[in-house]
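# Structural characterization, general
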Amino acid sequence: MTAESPSTEVPSELPQEAPAPACVMSFNASDPSGAGGLAGDVATIAAMGAHALPVVTAVVLRDTAEVFSHTALEADTVVEQARSILEDVSIAAWKVGFLGSAEGVGAVAEVLSDYPDVPLVSYMPNLSWIEDDDHQAYLDAFRELVLPQTELLVGNHKTLTDFLLPDWEADRPASPRELAVAAAEHGTRFVLVTGVVLPDQFIDNVLASPQGALTGEKFERFEVAFVGAGDTLSAALAALLASGSELQAAVGEALTFLDQSLDAGFRPGMGNVVPDRFFWALPPPEESESEGEPEAGPAPGEPRRVH
């Protein structure tokens, strides 16, 4: 008996590939704590069902409690990372975090300008740990080059006030609408202002345009320090916009996702709490021995909590 030779026939129809998830390019720093920066962006974008294309802009030396220093990558290196993958993959949204230096801001802005129809979510973190001259140069470059291309600017109320209205001297805090007006002067369409302090231990998170507040969520305030919350929120928004969500719906879903990530947060070291972006993959809570039913979660309508 002779063995049959392997078949060389080609099937008439090859299996169809599954549709690829929406791709989001993130420009951000390498954060060894895994709480924020590119590590946080990749985890968040994946958790939201999109695919991250991470571009390193700087290397930050930090732990879960504080930032010690950073080294910005050469602008050409940042651009080459982005261009190499953009020639191969179509993207549906951008996320911009910390870009390392004023030169890095200029380099990223040049890449962004070649894709004006791709929505850009920009996150402005608290950068008070950077030396004054470098800090001011960075903010000036970001204001001039990135804001004109930004669909949605995300940041803490105080951070955005210091950035957009540095000469604010009124006795009252700037409103989200006033921040949106200031951002619009540089070309930004919307702002999502987080951490607006309200009476009775509540904070507000408000999506605003120059015409006024569009939507928001009031959350209970609680005394736990988090690291990586802003990157989580902005990356979630970029992933949702990439997947076709309308802006106001995306803001609501992203805030809910952040709240649940923080509720499930963990403390990996001696510093702050890190969001758990994969809270939904955890096993369900054990049934109560006395009741025989799962433990109840927050009741509908109860305020969610966010840092």
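Quick look at the structure, then. Note that the structure is a prediction, hence the values are computed from the model and not measured.

## Description of the overall build of the chain
- The secondary structure content of the chain amounts to eight helices and nine strands.
- For the chain, the residues scored as buried account for 46% of the 307 residues in total.
- The long-range fraction of contacts in the chain, counting pairs at least 24 apart against all pairs at least 6 apart in sequence, stands at 66%.
- A total accessible area of about 16,200 Å² is found for the chain, and carbon and sulfur atoms account for 50% of it.

## Considering the sheet that holds strand β4 (residues 93-96)
- One open sheet accounts for nine strands, arranged β3-β2-β1-β4-β5-β6-β7-β8-β9; its pairing is mixed. Edge positions in the sheet fall to β3 (67-72) and β9 (212-220), since each has one partner strand and no second. Each strand of the sheet is rotated relative to its neighbour by a mean of 20°, with strand direction disregarded.
- In terms of strand pairing, strand β6 (residues 152-156) meets strand β7 (residues 190-198) through five bridges, oriented parallel. Following the sheet pairing, Leu152 is matched in β7 by Phe190.
- Against the sheet, helix α1 (residues 37-47) engages β1 (23-30), β2 (51-62) and β4, with an angle of about 155° to β1.

## A look at the side chain of Asp41
- Locating Asp41 in the fold gives a position in helix α1.
- We classify Asp41 as buried; its relative accessible area is 0%.
- Excluding anything up to four places from it in sequence, Asp41 contacts Ser26, Asn28, Lys95, Asp231 and Ala235.

About the criteria used
- Residues numbered from 1 in each chain as written.
- Predicted model: local features only at pLDDT ≥ 70, side-chain atom pairs only at ≥ 80, totals over all residues.
- Heavy atoms only, no water.
- Helix = DSSP H or I, 4+ residues; strand = E, 2+ residues; numbered from the N terminus.
- Buried < 20%, exposed > 50% of the residue type's maximum accessible area, 1.4 Å probe, protein only.
- Contact = heavy atoms within 4.5 Å.
- Areas by Shrake-Rupley, 256 points an atom, 1.4 Å probe, with all protein chains shown as cover.
- Pairing = 2+ DSSP bridges.
- Axes fitted to C-alpha atoms, helices over the stretch in contact; angles between N-to-C directions.

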